[in-house]
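Spelled out, the chains give:
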Amino acid sequence: MSSAAISPGWFDHLNPNDLALLSRVAPQAGVAANDLVRDRAALTTVLAHPRAFELLFPPGEVGEVPVAPADLLVPASPFLAFALVVHRGWADLQSARYVAEWVGPRQRLPVLGGDDLRDFLASDKRRLFLTELLSSYTRVSSGSTWVHTTRGWRRRKFSELDPVRLASLLEVVPEGERPGVYRRLGDLALFLTGVFPDHTELNGLGPMDEARLLRMSGLPERESNLPPAAPAGGVGILERLGEHWYRLALRSLSGPLTGTMSVVADVAGSFVAARRTLNYLTDRHLFAGRTRWFGQEAS
């Protein structure tokens, strides 16, 4: 497993408790503790070391390790917890002969290989992207805005866990804020299909909400030259919308791409691989504690 240079963004999120925990592991990983705050490759090595994961979470069988705040053995930020989950999954894949592929609610099939998941996580920027994505949903925003309609002013609710309500912000925010809304819609589609695929497939969008989202996003409801989409509100439709929302975020930017948005462009081109990677990480290390980390399943 390569210890390629790590993105600077990791250092923006790690707090003193996080660095103290990683410093305890550094000698076992062959890294000087002082190098953690200045050597990006050293930080990668420690994050991927199995002892770092074991220090943070209670021992248990793979797939049964609960990832939830109450279960942490030592104080640490959610960002570090998810960073270790992502790196533990990356390490697991190096020797995996097959991966369990999500094919439907409560249905997983063993698929030989896993090369595409290894390739996805081989990028430090993608690992940081997934870690930031997971961390961002431990606290979600909701509220309401006032919208002028033909019947006067009406209060419109929004929630970061409701794609329809979140998309409704596109109708009221200034044009300069639309890239951020599109980006967050893409994040939400990836989060729901990656971490809660069963719930998303069974309890996602209804036909009217699906049609509204497609219309607001400029996509046809069905394309005759494509095979039938997944059931309304299912993983398939949000995969399609998520990739499109990321691309709309990129197209609606007025200036050159920032480093973060360059990663968004990368993930937009490999959205299914990103979703499948999150499915893998969730099934192995997040499943038992999902609702405690993220609240109710997008209800």
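In this text, all values refer to a predicted model and were calculated from it rather than measured experimentally.

Explain helix H2 (residues 16-25) residue by residue, including any values.
Residues Asp18, Leu21, Leu22 and Val25 constitute the buried set of H2. Along the axis of H2, the buried residues cluster in a sector spanning 95°; they form a single face. Buried residues along H2 sit in contact with helix H1 (9-13), helix H3 (40-47), helix H4 (50-56) and helix H5 (78-94). Regarding H2, its N-cap is Asn15, as a side-chain oxygen of that residue lies 2.9 Å from the backbone nitrogen of Asn17 further along.

Provide a residue-level description of helix H11 (residues 207-216), including the pertinent values.
Turning to H11, its buried residues are Glu210, Ala211, Leu213 and Leu214. One side of H11 carries all its buried residues, which in axial view fall inside an arc of 165°. More than 90 degrees from the buried face of H11, the exposed residues found are Met208 and Arg215. On its buried face, H11 is in contact with helix H8 (163-167) and helix H12 (235-251). A positive phi of about 75° marks Gly218, the residue just after H11.

An account of unusual backbone geometry is requested, with residue identities and associated values reported.
Although it is not a glycine, Arg106 sits at a positive phi angle of roughly 55°. With relative accessibility at 67%, the residue Arg106 sits in the exposed group.

Conventions used here
- Residues numbered from 1 in each chain as written.
- Predicted model: local features only at pLDDT ≥ 70, side-chain atom pairs only at ≥ 80, totals over all residues.
- Heavy atoms only, no water.
- Buried < 20%, exposed > 50% of the residue type's maximum accessible area, 1.4 Å probe, protein only.
- Helix = DSSP H or I, 4+ residues; strand = E, 2+ residues; numbered from the N terminus.
- Arc of directions from axis to C-beta.
- Contact = heavy atoms within 4.5 Å.
- Polar contact = N/O pair within 3.5 Å; in protein donor to acceptor, adjacent residues only side chain to side chain.

Geometry only, nothing functional implied.
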